[in-house]
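# Overview (structure and organization)
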Amino acid sequence: MRKPIIAGNWKMHKTVSESVGLCEALDRAVQDVDIEVVVCPPFTALSAVCALAMRKVKIGAQNVSIAESGAFTGEISPLMLVDVCCSYVIIGHSERRQHFGETDAMVNKKVHLALQHGLRPIVCVGESLMQRRAGETEAVVVSQTKAALAGIAQEQVPDIVIAYEPIWAIGTGETASADDANEVIGTIRKTIAEIYGQETAGRIRIQYGGSVKPDNIRELMAQPEIDGALVGGASLDLKGFTAIVRYHEQQQS
Ligand code: 13P
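Residues numbered from 1 in each chain as written. Predicted model: local features only at pLDDT ≥ 70, side-chain atom pairs only at ≥ 80, totals over all residues. Heavy atoms only, no water.

A word on the environment of glutamine 156. Topologically, glutamine 156 is positioned in the loop between helix 7 (137–149) and strand 6 (161–164). Since its relative accessible area comes to 26%, glutamine 156 is described here as partly exposed. Distance in space between the C-alpha atoms of glutamine 156 and threonine 200 is 9.5 Å, their sequence separation being 44 residues. (Helix = DSSP H or I, 4+ residues; strand = E, 2+ residues; numbered from the N terminus. Buried < 20%, exposed > 50% of the residue type's maximum accessible area, 1.4 Å probe, protein only.)

Here it is, written out as structure tokens:
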């Protein structure tokens, strides 16, 4: 009922020509798969990858401004992202919250603005190691989810993707266990059900992110609440990301 969505967040990696090469090869490698596949290259590569005639892979950006236009040096507006061909945008990644002071209020503003311009937000939520050790995981993701969705109309909710990315699992090789990730994602869905009702909560897609690799994707995707993955490091490599997208072909161990 919910179409799985696997997205690659390339972060600050890849030149224009590297991005074009990877997109072309990936599009060929995953064409027949019944999963939504998105890649989020750096801003500098967006025009070039958008010019490719890709049949399967959709393009997302890694960030968007809180404003449509104006004196915001160094920022990229949602209009500019739509203009190139982006259909998705990552909002509130923990690296932006940690290193660039992005707040829940800014995340909420960006979600509103993205939706207003027809961009689908991939909203990141997740706890730090300290918060997890203090037993605050649930409280953190519930409050980040509520803040991100504040004022969003019910009919827009299915256009949003949420990515649960525990900060301690990002780039560390540590993954949340599939059970743990499923449970936290279940909590996020319950929070959405409390605000918008079961039917809407049953339609929104929630990904897991944090050291997703070819050897753990299958177990994660087997969980009932997990609708996809937001992949960092392993999405930079054609073979690895293709294996993640084609996880259903793996031999049962
Ligand atoms: P890694 O897959 O490298 O842990 O990164 C996860 C992430 O931050 C995706 O947005």
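Our next topic: the site of the ligand. Around the ligand, a shell composed of Asn9, Lys11, His93, Glu165, Ala169, Ile170, Gly171, Gly210, Ser211, Leu230, Gly232 and Gly233 is seen. The contact in question runs from an oxygen atom of the ligand to an N or O atom on the side chain of glutamate 165, over 3.0 Å. At 2.9 Å from an oxygen atom of the ligand is found a main-chain nitrogen or oxygen belonging to glycine 232. Its residues assigned to classes, the shell around the ligand comprises 3 nonpolar, 7 polar and 2 charged. (Near = heavy atom within 4 Å. Polar contact = N/O pair within 3.5 Å; in protein donor to acceptor, adjacent residues only side chain to side chain. Nonpolar A, V, L, I, M, F, W, Y, C, P; charged D, E, K, R; others polar.)

We now examine helix 1 (residues 16–30). For helix 1, which comprises 15 residues, the first-to-last C-alpha distance of 21 Å matches the rise-based estimate of 21 Å (1.5 Å per residue) to within 8%. All of the buried residues in helix 1 are Ser19, Val20, Leu22, Cys23, Ala25, Leu26, Asp27 and Val30. On the buried face of helix 1, the contacting elements are strand 2 (36–40), helix 2 (43–50), strand 3 (58–61) and helix 11 (238–245). (Expected span 1.5 Å × (residues − 1). Contact = heavy atoms within 4.5 Å.)

The subject of this paragraph is the packing of aromatic side chains. Under the defined criterion, the tally for this structure stands at 1 aromatic pair. It is arginine 96 that lies over the ring of phenylalanine 100; its NZ or CZ is 4.3 Å from the centre. (Phe/Tyr/Trp six-rings, centres within 6.5 Å; stacked < 30°, edge-to-face > 60°. Lys NZ or Arg CZ within 6 Å of the ring centre and 35° of its normal.)

Here we take up the pattern of salt bridges. This structure, assessed with the given rule, holds 15 salt bridges. Taking the shortest distance from any N to any O, the salt bridge between aspartate 227 and arginine 2 comes out at 2.9 Å. You can see aspartate 227 sitting in the loop between helix 10 (217–221) and strand 8 (228–231) and its partner arginine 2 sitting in the segment before strand 1 (5–9), a full 225 residues away along the chain. Note on accessibility: aspartate 227 and arginine 2 belong to one class, buried. (Salt bridge = Lys/Arg side-chain N within 4 Å of Asp/Glu carboxyl O.)

Once that is clear, we can look at the sheet that holds strand 2. Spatially, 8 strands are ordered 1-2-3-4-5-6-7-8 in a closed barrel, and the strand pairing comes out parallel. The sheet shows a mean angle of 25° between the axes of neighbouring strands, direction not considered. Here 2 bridges tie strand 3 to strand 4 (residues 88–91), and the two strands are oriented parallel to one another. Bridge pairing links alanine 61 to valine 89 in strand 4. (Pairing = 2+ DSSP bridges. Axes fitted to C-alpha atoms, helices over the stretch in contact; angles between N-to-C directions.)

What follows concerns the pairing of strand 5 (residues 120–125). Taken across its 6 residues, strand 5 has 5 buried, putting it largely inside the fold. Where strand 4 lies against strand 5, 4 bridges are found, and the strand directions are parallel. By the bridge assignment, isoleucine 91 is partnered in strand 5 with valine 123. Pairing of strand 5 with strand 6 involves 4 bridges; the strand directions are parallel. The residue of strand 6 that forms the bridge with cysteine 124 is alanine 163.

Once that is clear, we can look at the side chain of asparagine 182. Tracing the sequence through the fold places asparagine 182 in helix 8 (residues 178–196). A relative accessible area of 14% means that asparagine 182 is categorised as buried. Of the polar contacts made by the side chain of asparagine 182, one reaches the backbone nitrogen of glutamate 225; its length is 2.9 Å. Those residues within four positions of asparagine 182 in sequence are excluded, and the remaining contacts are Gln223, Pro224, Glu225 and Ile226.

What follows covers the packing of helix 1 against helix 11. Direction vectors running N to C along helix 1 and helix 11 enclose 30°, while the axes themselves pass 10 Å from each other. Seen along the crossing, helix 1 lies across helix 11 with a hand that is right-handed. Residue-level inspection shows Leu22, Ala25, Leu26, Ala29 and Val30 of helix 1 in contact with helix 11, the latter providing Leu238, Phe241, Thr242 and Val245. Among the residues forming the contact of helix 1 with helix 11, the class breakdown is 8 nonpolar, 1 polar and no charged. (Left-handed = near helix turned anticlockwise from the far one by under 90°.)

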